[in-house]
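Below, each chain spelled out in residue letters.
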Amino acid sequence: MRASKGYTPDHPAETMLSLVGQKRAILIMCHNNPDPDTIASAAALKYIFAQTPRRKAVVGYQGTIGRAENRQLVKRLKIDMVRTTDLDFNDFSVIALVDSQPHTGNNAIPRNILPHIVIDHHPMRRDTAQCAFYDIRPRYGSSSTILTEYLRELDLTIDRRLATALYYGLKTDTNGLSRSFMKADLDAFNYLFPRIAPRTLAGIENPSVPKSYYLKFADAIARSVQYGDVMISHMGTLNNPDVTAEMADFLLRMENIRWTLCMGEYKDFLLLSVRTSRRGMMAGKVTLRVVKGLGTGGGHEKAAGGKIGIEGLKPEERAQVAQKVTDRFLKLLGVQDREGRPLTATTPAGDGGRKA
Ligand SMILES: [Mn+2]
């Protein structure tokens with residue numbers, strides 16, 4: 001076993017269940033500002049634990065369920081989620097963490113508590129090896145894929161709600177199979193698809209959004225600056241922590257753009273989302289180096305995120321932090337000498353592939 005490569009035990013679902021034994025009070029933690037993959041994985045794990053009578057499993061999260069799609073997911077599929085502010089970690093005999101790992105800055109488990117169970121598809125972190133059970137598969141496109149395998153290993157029926165949640169978690173984490181995925185993800189996709197509730201899924205994927213959603217997009221486009229094949233947008237103050245990820249995906253579809261960085265201030269943090277269409281586990285590594293000494297971050301081959309605490313900083317100091325992030329990002333990608341060109345500039349179009 002090499003730590004950075006991840007690790008999967010034999011018969012993982014059985015192994016996990018034998019570790020839990022007859023323990024009854026289980027907390028399943030999502031990552032902060034939960035996305036569909038962490039929500040669906042937690043719901044699947046809860047369903048697995050619920051097979052034992054009189055056992056109580058609770059799904060916990062911290063932050064905001066921001067995107068309209070994610071709120072629909074929780075509502076339409078009736079997934080019960082509890083804010084960590086309403087929970088006492090000491091009330092639980094087992095703590096499980098899904099789609100995140102200990103000490104990543106991306107979940108609400110206190111630093112002095114190590115979860116017993118960790119199931120994730122981000123690169124393996126050193127502290128994860130201290131946990132009683134861990135199943136880390138960095139090459140997988142989603143944690144929902146891992147949980148689908150657990151359900152199949154245990155031969156449990158997946159009802160329409162859970163199938164729809166897992167399908168949506170897998171679909172969004174792989175950006176509709178346009179980001180990193182492997183055969184296991186395709187297998188899960190094919191297994192889940194005939195079991196989903198199509199109309200419910202359509203309702204989740206096409207929610208009504210307020211006018212402010214479009215205005216934020218317009219503003220983010222107006223603030224976007226292109227440096228060669230890199231597009232950066234500082235979106236200012238955010239009222240939803242997920243919008244940087246959404247914008248980073250949106251801008252990455254532009255011709256000649258290979259990297260995007262979107263950031264914005266949400267509460268006491270500068271949030272970052274990084275995307276690339278290039279292969280080779282780079283987005284996570286680049287993001288780690290961008291936030292080094294400033295905050296926390298990490299991620300996958302093609303998608304990553306980070307956050308930097310900016311509490312108490314004056315506006316000009318916040319601007320300096322954002323500038324530092326921008327400078328580091330451009331330098332890491334070797335385009336620091338490119339002159340920034342606003343996306344909305346109307347003079348003859350620059351070409352990402354050639355010298356400006
Ligand atoms: Mn995930």
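Bear in mind that the values here come from a model prediction, so they are computed numbers and not experimental data.

Trainee: Before we move on, can you summarise helix α6 (residues 183-192) with the specific residues and values?
Mentor: Every buried residue of α6 is accounted for by Ala184, Asp185, Ala188, Phe189, Tyr191 and Leu192. The arc that holds every buried residue of α6, seen down its axis, measures 165 degrees, which confines them to one face. α6 presents Lys183 and Asn190 as exposed residues on the side facing more than 90 degrees away from its buried surface. Tucked inside the fold, the buried residues of α6 contact α4 (143-153) and α5 (160-173).

Trainee: Tell me what's going on with the coordination of the manganese ion, and back it up with residues and numbers.
Mentor: For the manganese ion, the full set of protein donor atoms is Asp37 (OD), Asp99 (OD), His121 (NE2) and Asp173 (OD), and the range of their distances to it is 2.1 to 2.3 Å. Counting along the primary sequence, the residues that act as donors to the manganese ion give the motif D-x61-D-x21-H-x51-D. Within this pair, whereas Asp37 is found in helix α2 (residues 36-49), its partner Asp173 is found in helix α5, the two being separated by 136 residues in sequence. Each member of the pair, Asp37 as well as Asp173, carries the same accessibility label: buried.

Trainee: So, the domain arrangement of the protein chain: which residues are in play, and what are the values?
Mentor: Split by domain assignment, the protein chain resolves into domain 1 (3-204) and domain 2 (213-342). Look at where the C-alpha atoms of domain 1 and domain 2 centre, and you get two points 27 Å apart. Across the boundary between the two partners, domain 1 contributes 18 residues, which contact 17 residues of domain 2. Of the roughly 1300 Å² buried at the junction of domain 1 and domain 2 (both faces included), carbon and sulfur atoms supply 44%. Considering only the surface of domain 1 that becomes buried against domain 2, Arg67, Arg179 and Ser180 emerge as the three largest contributors, covering 35% of it. Linking domain 1 to domain 2 there are 2 salt bridges. Residue Asp249 pairs with Arg179 through a salt bridge whose shortest N-O separation is 2.9 Å.

Trainee: Could you give an account of the side chain of Arg137, naming the residues involved and the relevant values?
Mentor: Among the secondary structure elements, Arg137 is positioned in the loop between β6 (133-136) and α4. A relative accessible area of 6% places Arg137 in the buried class. For Arg137, the side chain forms a polar contact with the side chain of Asp135, separated by 2.8 Å. The residues touching Arg137, leaving out its near neighbours within four places in the chain, are Thr8, Pro12, Asp120, His121, Ile146, Glu149 and Tyr150.

Trainee: I'd like a rundown of the packing of helix α1 (residues 12-20) against α2, residues and numbers included.
Mentor: Between α1 and α2, the shortest axis-to-axis distance is 12 Å and the interhelical angle comes to 60 degrees. Here α2 runs oblique to α1, going by the angle between their axes. Crossing angle aside, the handedness with which α1 passes α2 is right-handed. For the pair formed by α1 and α2, the contact residues are Met16, Leu17 and Val20 on the first element and Leu45, Ile48 and Phe49 on the second. Partitioning the contact of α1 with α2 into residue classes produces 6 nonpolar, no polar and no charged.

Conventions we followed
Residues numbered from 1 in each chain as written. Predicted model: local features only at pLDDT ≥ 70, side-chain atom pairs only at ≥ 80, totals over all residues. Heavy atoms only, no water. Buried < 20%, exposed > 50% of the residue type's maximum accessible area, 1.4 Å probe, protein only. Helix = DSSP H or I, 4+ residues; strand = E, 2+ residues; numbered from the N terminus. Arc of directions from axis to C-beta. Contact = heavy atoms within 4.5 Å. Donors = N, O, S within 2.8 Å, 3.2 Å for Na, K, Ca; no water. Domains from an automatic or database assignment. Buried area = accessible area lost by both parts, 1.4 Å probe. Salt bridge = Lys/Arg side-chain N within 4 Å of Asp/Glu carboxyl O. Polar contact = N/O pair within 3.5 Å; in protein donor to acceptor, adjacent residues only side chain to side chain. Axes fitted to C-alpha atoms, helices over the stretch in contact; angles between N-to-C directions. Parallel < 35°, antiparallel > 145°, perpendicular 65-115°, else oblique. Left-handed = near helix turned anticlockwise from the far one by under 90°. Nonpolar A, V, L, I, M, F, W, Y, C, P; charged D, E, K, R; others polar.

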